[in-house]
Amino acid sequence: MNRFIYFFIIFLSFAWLPLGEARANTPLDCPAVIAVPGGYRLTQNTTCDQVSWENENNKFFNLNRFTLTINSIGVFGNGLVIRNGVLQTNSIFWLGDGGTLSNLKITKGSSPRGFFIEAGPNFTVKRCTFSEIPGVALDFFHAPGGRVINSVFKNNWKGISIQEADDILIENNKFVGNTTGVNLFPEHGFKTNNNTIRYNIFRENAMGITMYTDERLVPTWGLQGNRIVKNKIYRSGHSGILIALNCVEDLGHPSCPGQDTKISGNLLKSNGFSSEKVLSDDDGVTARATMELGTNPPMRTPYPAGLAGVTLSKNRANKNADLGFDVNGVTDGGGNKANSNGNPAQCEGVVCKSSYLAGVTLSKNLANKNADLGFDVNGVTDGGGNIANSNGNPAQCEGGVCKSSYGTDLDISLDAIPYGPLPSDQLRH
Ligand SMILES: [Ca+2]
């Protein structure tokens, strides 16, 4: 169904709610909700059917650490806040401006909607967890200017999908075990511009970040100016970042989405080891473009030049199943490094094999009880025989094999050995 029509039907369904006597106490038609200065407070765990919060602005609903089990919520006022508790629901429609969800554990009811939460414009989500939601946990659709910070998305189908919204900031969140962590998709061929995804951690998702266009529409209206910066993406089943763009002929010229896309400073490690092969989606970053010609039937052919609007710079890719960067056609912004990926080529489409560390060989070193790693040496050549034990970071080392089997069992204590002078602490005349 066209989603604009869907919105309208949802609006009508809330608008036709009878104005029952419960409304006499608070506009939140739910038991155990009391009015307090500035808003409302829940006084016990509560179950109710459907709430429409309207006709007021700039108020909060404090769940007060209780669980609110509710079929659906429609929020129509501006500056409204729901916070501090457990929210079990099937859908939230947030149509008011400047709303906030904070300090909430959010999970599904018995029949969750596919687009579970529809954000409103200038929507803020902070310190929330979204788990076990079989659809899009948080959807930005014609809802610009939102931000999602310090939150966790775990075991959902899609954590966040920006599907026609601009100027969204997704910062400092964790995405674990989702099918897709964050998805950028100009659903009807426009918007989804100037969004920023930065400083997030992605672990064990099928895909970390996806960005794609599919529909046959003039696509240069959408997916422009997005930024994917300084994220850490580990152990995705498929690619850590997947970009798939479809170009069309527009007035005789190729027209491609994804212009002014910047992907920089990300770490992509150990992605792509799923046994379910999907095309070549087994890299740190995978990017491909097609050109669509004709309409009946449309034919798509590979068109790497369609990726020219995407720039990769200063990313690092280690130990991914195939390539670190499989990105023929993108613009090389420089500084990308790839080491220890399964494919000896390491990368295609950008210069990536940093040579300055590959010339450094570490062998037979011993590292114990250092604050973080014993060896933080991604990119060096592993000469073998390095041992790391009892360092603060359980990984012990990055960049080489260091926990040899004998080293693992060895309890090497240096406590009894007197410390010698530090290099800068020499005896002088
Ligand atoms: Ca590949």
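See the structure printed just above.
All of the points below concern the structure found in this document. Keep in mind it's a predicted model, so treat the numbers as computed, not measured.

**Here's the deal with the overall build of the protein chain**
Tallying secondary structure elements over the protein chain gives three helices and 40 strands in all. Looking at the protein chain as a whole, 42% of its 429 residues qualify as buried. Partitioning the contacts of the protein chain with sequence separation of at least 6, the portion at a separation of at least 24 is 46%.

**A few points about the environment of I73**
Among the secondary structure elements, I73 is positioned in strand β5 (residues 67-75). It is 9.5 Å that separates the C-alpha atoms of I73 and I117, two residues lying 44 residues apart in sequence. With residues up to four places along the chain from it excluded, the contact list for I73 reads V51, W53, T89 and I92.

**Description of the environment of A305**
Structurally, A305 is set in the loop between β28 (299-302) and β29 (310-313). The exposure class assigned to A305 is partly exposed, which follows from the 13 C-beta atoms found within 10 Å. Taking the C-alpha atoms as reference, A305 lies 9.6 Å from P254; in sequence the two are 51 residues apart.

**Considerations on unusual backbone geometry**
With a phi close to 60 degrees, N64 is a non-glycine residue in the positive phi region. Residue placement: N64 occurs in the loop between β4 (60-62) and β5. N64 sits in the partly exposed class, given 18 other C-beta atoms within 10 Å. A positive phi is found at D167, a non-glycine position, where the angle reads about 60 degrees.

**Remarks on the nonpolar core**
Membership of the largest hydrophobic core comes to 82 residues, with the highest contact counts inside it found for A137, L138, I160, I241, V285, F325 and V327. The element contributing the most residues to this core is strand β23 (residues 241-250), with six residues. When near neighbours in sequence (up to four residues on either side) are disregarded, F325 contacts D283, G284, V285, L312, A317, N336, A338, C347, G349, V350 and C352. Judged by nonpolar contacts, the second largest core, of five residues, contains F375, A388, C397 and C402.

Calculation criteria
- Residues numbered from 1 in each chain as written.
- Predicted model: local features only at pLDDT ≥ 70, side-chain atom pairs only at ≥ 80, totals over all residues.
- Helix = DSSP H or I, 4+ residues; strand = E, 2+ residues; numbered from the N terminus.
- Buried ≥ 20, exposed ≤ 12 C-beta atoms within 10 Å, placed from the backbone.
- Contact = placed C-beta atoms within 7 Å.
- Core = buried A, V, L, I, M, F, W, Y, C linked by C-beta atoms within 7 Å.

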